[in-house]
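Close look at the chain arrangement
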Amino acid sequence: MNTLLIAEHNNQSLADATVKSATAAAQMGGECHVLVAGSGCAGVAEAAAKLDGVAKVLLADDPQYEKQLAEPMAALVVAIADGYATIASPASTNGKNFMPRIAALLDCSQVSDITAVIDANTFERPIYAGNAIQTVKVNEAKKTVTIRSTAFAAAGDGGSAAVEALGAVDNPGLSEFVNEELTKSDRPELTSAKIVVSGGRGMQSGDNFPMLEKIADKLGAAVGASRAAVDAGFVPNDYQVGQTGKVVAPELYIAVGISGAIQHLAGMKDSKVIVAINKDEEAPIFQVADYGLVADLFTAVPELEEELGKAGL
Amino acid sequence: MKILVPVKRVVDYNVKIRVKPDQTGVDLANVKMSMNPFCEIAVEEAVRLQEAGTATEIIVVSVGPTQAQETIRTALAMGADRGILVKTDDEMEPLGIAKVLKAVVEAENPDLVILGKQAIDGDNNQTGQMLAALLGWSQGTFASELGIEGDKVNVTREIDGGLQSVKLSMPAIITTDLRLNEPRYASLPNIMKAKKKPIDEKELADYGVDAAPRLEIVKVSEPAEREAGVKVETVGELVDKLKNEAGVL
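Residues numbered from 1 in each chain as written. Chains lettered and ligands numbered in written order. Predicted model: local features only at pLDDT ≥ 70, side-chain atom pairs only at ≥ 80, totals over all residues. Heavy atoms only, no water.

As a further point, take the interface of chain B and chain A. At the junction of the two partners, chain B supplies 75 residues and chain A supplies 87 residues. For chain B, the biggest contributors to the area lost against chain A are B:Arg214, B:Arg226 and B:Val235; these three give 11% of the whole. Along the contact surface separating chain B from chain A lie 5 salt bridges. The interface formed by chain B and chain A contains 42 residue pairs in polar contact (both at pLDDT 80 or more). A total of 8 residues in the side of chain B that touches chain A trace back to one element, the largest contributor, which is strand S9 (residues 162-169) of chain B. Looking at side-chain class alone, the side of chain B that touches chain A contains 36 nonpolar, 19 polar and 20 charged residues. Where strand S11 (residues 175-182) of chain A meets S9(B), 7 bridges bridge the pair, whose relative direction is antiparallel. When the bridges of S9(B) are listed, A:Leu182 appears paired with B:Gly162. (Contact = heavy atoms within 4.5 Å. Buried area = accessible area lost by both parts, 1.4 Å probe. Salt bridge = Lys/Arg side-chain N within 4 Å of Asp/Glu carboxyl O. Polar contact = N/O pair within 3.5 Å; in protein donor to acceptor, adjacent residues only side chain to side chain. Helix = DSSP H or I, 4+ residues; strand = E, 2+ residues; numbered from the N terminus. Nonpolar A, V, L, I, M, F, W, Y, C, P; charged D, E, K, R; others polar. Pairing = 2+ DSSP bridges.)

Right, let's get into the packing of helix H3 (residues 94-108) of chain B against helix H4 (residues 127-135) of chain B. Residue and element names in this part refer to chain B. Remark: H3 packs on H4, axes separated minimally by 8 Å, with the N-to-C direction vectors making an angle of 50°. Our classification of the angle between H3 and H4 gives oblique. In the crossing of H3 with H4, the sense of the turn from one axis to the other is right-handed. Contacts from Pro94, Leu95, Ile97, Ala98, Lys99, Leu101, Lys102 and Val105 of H3 reach H4 at Thr127, Met130, Leu131, Leu134 and Leu135. Split into classes, the residues belonging to the contact of H3 with H4 amount to 10 nonpolar, 1 polar and 2 charged. (Axes fitted to C-alpha atoms, helices over the stretch in contact; angles between N-to-C directions. Parallel < 35°, antiparallel > 145°, perpendicular 65-115°, else oblique. Left-handed = near helix turned anticlockwise from the far one by under 90°.)

This paragraph deals with the pairing of strand S7 (residues 138-149) of chain B. All names here are of chain B. Pairing analysis gives 4 bridges linking S7 to strand S10 (residues 172-176), with the strands arranged parallel. Its bridge partner lying in S10, Gly140 is registered against Ile174. Here S7 runs beside strand S8 (residues 152-159); their pairing, made up of 6 bridges, is antiparallel. Opposite Ile148, over in S8, you have Val153 as the bridge partner. The turn joining S7 and S8, which pair antiparallel and follow one another in sequence, is formed by 2 residues; a positive phi near 65° is taken by Gly150.

Residues and elements named next belong to chain A. Assignment of secondary structure puts Gly199 in strand S12 (residues 195-199). In sequence terms Gly199 and Gly53 are 146 residues apart; their C-alpha atoms lie 41 Å from each other. Beyond its immediate stretch of four places on either side in the chain, Gly199 contacts Phe209, Leu212, Gly224, Ala225, Ser226, Ala229, Val256 and Ile258.

Pasting the structure below:
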């Protein structure tokens, strides 16, 4: 029995999340087939065909799949689900949206947001926002899985799988795309950024966040915040890193004026390198920080900007 | 318009959870429990729709142990009209919950079901989408804004990299994201009033659905501990270490 990986893409290019998820899917047993569903997305299918470990690419190129809405996507995948023991996708907002719908239509269970593949039916996944790791086994013939792609290395591009075109399946017609407003910021998106600079209550005011933005722009980083900073109205809700906000795992996380409440730590403690700048040396954030600097952020942050400049950034 | 809001009782988000030494799960004995934060947002949104004259009745449902009554009471104190508790002490999985909720929907015939996008214990993010599939309804997940327009509901969704707007045919399933609203605190008079609102107690068996667990939890373990780091004295030293030791710049 084979594995079907549903590709994340924007109709022009294959998302990095798919390239990493292919590594996980290749460990799930049988041949790995990739489904590219979209509109005008033949180029994406070609890119998917080059991924190491991919045996076949299925291309469903039709206007109804352009935005990967859950209702038509689920109808399509259910129609081709025979022969697959595992149907997987990156745990992107698209995958999170349509995968459980597919699972319920197939009357199978889903394992969400896996971070390791133990064997074809057994996976590790974080629960309680990463404060515990659950090892879960599926003892049934079919399952869906979403993959936390940051936990896997990118697949190589030495493959040459065949691309097979699929016809569209009847759209259930329950939903209609209206429009999309993608953040035009030059900064990367919080959950996929390689570096994140976050501010907490210690920032004292939203007016002080431009200090962090300057650092972020030098580093090509995203800007985040703790719940305390969001609740105090310094920055909007979508900046929030934490258990009830976004869970991030960048290469470098710089926490500025953040004490390190449990709820915040849950959202960032899987970062590769953590830096904490805080004037309270007892702050819990220092217990998870690789590099701690006990200093007043209002002198340390401008100094950091200057030092980064000296370092050629 | 009738709105159904399913809610879940979970470990309070401020509690530092502990994994049981035998690795069978998380220790829930004597731990503070609260309504799942995303469920609070769902209740708040339903109450706002009622205050705006759009909704006529809000029914809150929870599938769980007897103590989930407290969670339903919290929702009633926020403004919901009545509650349904489907009692079970079994460990429930999203598909099982979705099947029970489908039966509740068929009995109550709501126009809209608003629920949290995920519970902060299992972090599954599945139940709403599964319920939509089982009912053959449309789904507007991760909503940050919603507006009713005749028999359609306009939903702004939080997606990777921005916002997406979709128009859904009703009846529909909505799952809430953080930006949808800020839930209110129930006032004391409303907490008193909520004590008189009805909660209908049901047994899982009353719905005749197979909601038995299907996944095998092999173990639950502690995440890898982070090693204690070092303190640096100056910003210059910090940048040097990030560049030359950690190699992240």
